[in-house]
Amino acid sequence: MSSPARRLRLPLLVALAALLAPAVAGCTAAVPMTAAADANDPDCAQVVVHLPEEVGPESSPYDIRETDAQSTGAWGTPTAVLLRCGVEAPAVSDLPCYPINGVDWLVDQAQDDPDTFVFTTYGRTPAVEVIVTAEVGSTVLFDLADAVGYLPGDGRACVGAGDLPGAGTDGEPSATPTS
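Residues numbered from 1 in each chain as written. Predicted model: local features only at pLDDT ≥ 70, side-chain atom pairs only at ≥ 80, totals over all residues. Heavy atoms only, no water.

Before going further, it helps to examine the nonpolar core. Ranked by size, the top nonpolar core spans 26 residues in total, and within it Trp75, Val81, Trp105, Val128, Val130, Val140 and Leu144 carry the most contacts. Counting only elements with at least two residues in this core, the list comes to helix H2 (42–49), strand E4 (81–87), strand E6 (103–110), strand E8 (127–133) and helix H3 (139–148). By residue number, the principal contributor to this core is H3, which donates 6 residues. In this structure Val128 touches Leu83, Arg84, Cys85, Val87, Trp105, Phe119, Thr120, Thr121, Val148 and Leu151, once residues within four positions along its chain are discounted. (Core = buried A, V, L, I, M, F, W, Y, C linked by side-chain atoms within 4.5 Å. Buried < 20%, exposed > 50% of the residue type's maximum accessible area, 1.4 Å probe, protein only. Helix = DSSP H or I, 4+ residues; strand = E, 2+ residues; numbered from the N terminus. Contact = heavy atoms within 4.5 Å.)

As summarised here, the arrangement of the 8 strands in space is E1-E2-E3-E4-E8-E7-E6-E5, forming an open sheet in which the pairing is antiparallel. Among the strands making up the open sheet, the edge pair consists of strand E1 (54–55) and strand E5 (97–100). Both E4 and E8 contribute to a ladder of 6 bridges, which runs antiparallel. Along E8, the bridge assignment pairs Leu83 with Val130. Relative to the sheet, H3 contacts E1, strand E3 (72–75), E4, E5, E6, strand E7 (113–122) and E8, its axis offset from that of E8 by approximately 160°. (Pairing = 2+ DSSP bridges. Axes fitted to C-alpha atoms, helices over the stretch in contact; angles between N-to-C directions.)

Before going further, it helps to spend a moment on unusual backbone geometry. Note: most residues except glycine have negative phi, and most peptide bonds are trans. The amide bond that connects Thr77 to the next residue, Pro78, takes the cis arrangement and shows omega of 0°. Residue position: Pro78 is located in the loop between E3 and E4. Residue Pro126 is bonded to the preceding Thr125 through a cis peptide linkage, with omega at 0°. Tracing the chain through its elements places Pro126 in the loop between E7 and E8. At Ser71, a position not held by glycine, the phi torsion is positive, near 60°. Inspection of the secondary structure puts Ser71 in the loop between strand E2 (62–65) and E3.

So, about the side chain of Thr121. Along the chain, Thr121 falls in strand E7. A distance of 2.9 Å separates a polar atom in the side chain of Thr121 from the backbone nitrogen of Val128. Ignoring sequence-local partners within four residues, the contact set of Thr121 consists of Pro90, Val103, Asp104, Trp105, Ala127, Val128 and Val148. (Polar contact = N/O pair within 3.5 Å; in protein donor to acceptor, adjacent residues only side chain to side chain.)

Looking now at the side chain of Asp104. For Asp104, the position within the fold is in strand E6. Buried and without a salt bridge, Asp104 has Arg124 as its closest oppositely charged side chain, separated by 7.1 Å. Among the polar contacts listed, one links the side chain of Asp104 to the backbone nitrogen of Cys158, at a separation of 2.8 Å. Those residues in contact with Asp104, other than ones at most four positions away along the chain, are Cys97, Tyr98, Pro99, Thr120, Thr121, Tyr122, Ala157 and Cys158. (Lys, Arg positive; Asp, Glu negative; His and termini not counted. Salt bridge = Lys/Arg side-chain N within 4 Å of Asp/Glu carboxyl O.)

Turning to the pairing of E7, a few remarks are in order. Direction of pairing for E6 relative to E7: antiparallel, over a ladder of 7 bridges. Each bridged residue has a counterpart across the sheet, and for Ala110 the counterpart in E7 is Asp113. Linkage of E6 to E7, two consecutive antiparallel strands, is achieved through a turn of 2 residues. Both E7 and E8 contribute to a ladder of 5 bridges, which runs antiparallel. Paired with Phe117 across the strands is Val132, a residue of E8. Turn length for the E7-E8 hairpin, with the two strands adjacent in sequence and antiparallel, is 4 residues, and the turn residue Gly123 shows positive phi of about 90°.

Quick look at the structure:
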């Protein structure tokens, strides 16, 4: 003989499972990452709280994901964009340097994967590293510039041929020395 409580238990459990199933199915695991050496820098906290919910093209943006490391960000399923704040600020470099929305970025290809690019802020301490696939490209840097702009500048910036000593206004070597 079953009691009224037992008869209600099964429908209640079925209803609870039906309510929780969509929530559990929509969850994705946190992206495993390694924090940078200076991830605990307070300036990195400013970057992280200002990270955009989406990056990439408006037609198919990459949504932000949860990460398991301090001062990091990730977008896309599967992950297409990784960000780490607190990496060592790069020294003067011969890598290409591009100013994007007030943030200077050095670009390098990953040594073990020619289809992966590593962008590192230049002239900001601590520095931010953004790793993207060739498919994503540099467009995400426009979306990240606002958040990364919270990092203080250290006085260094990208220079072009026109910035070199002895260069004329067109970037070519000047015929006469300038003073």
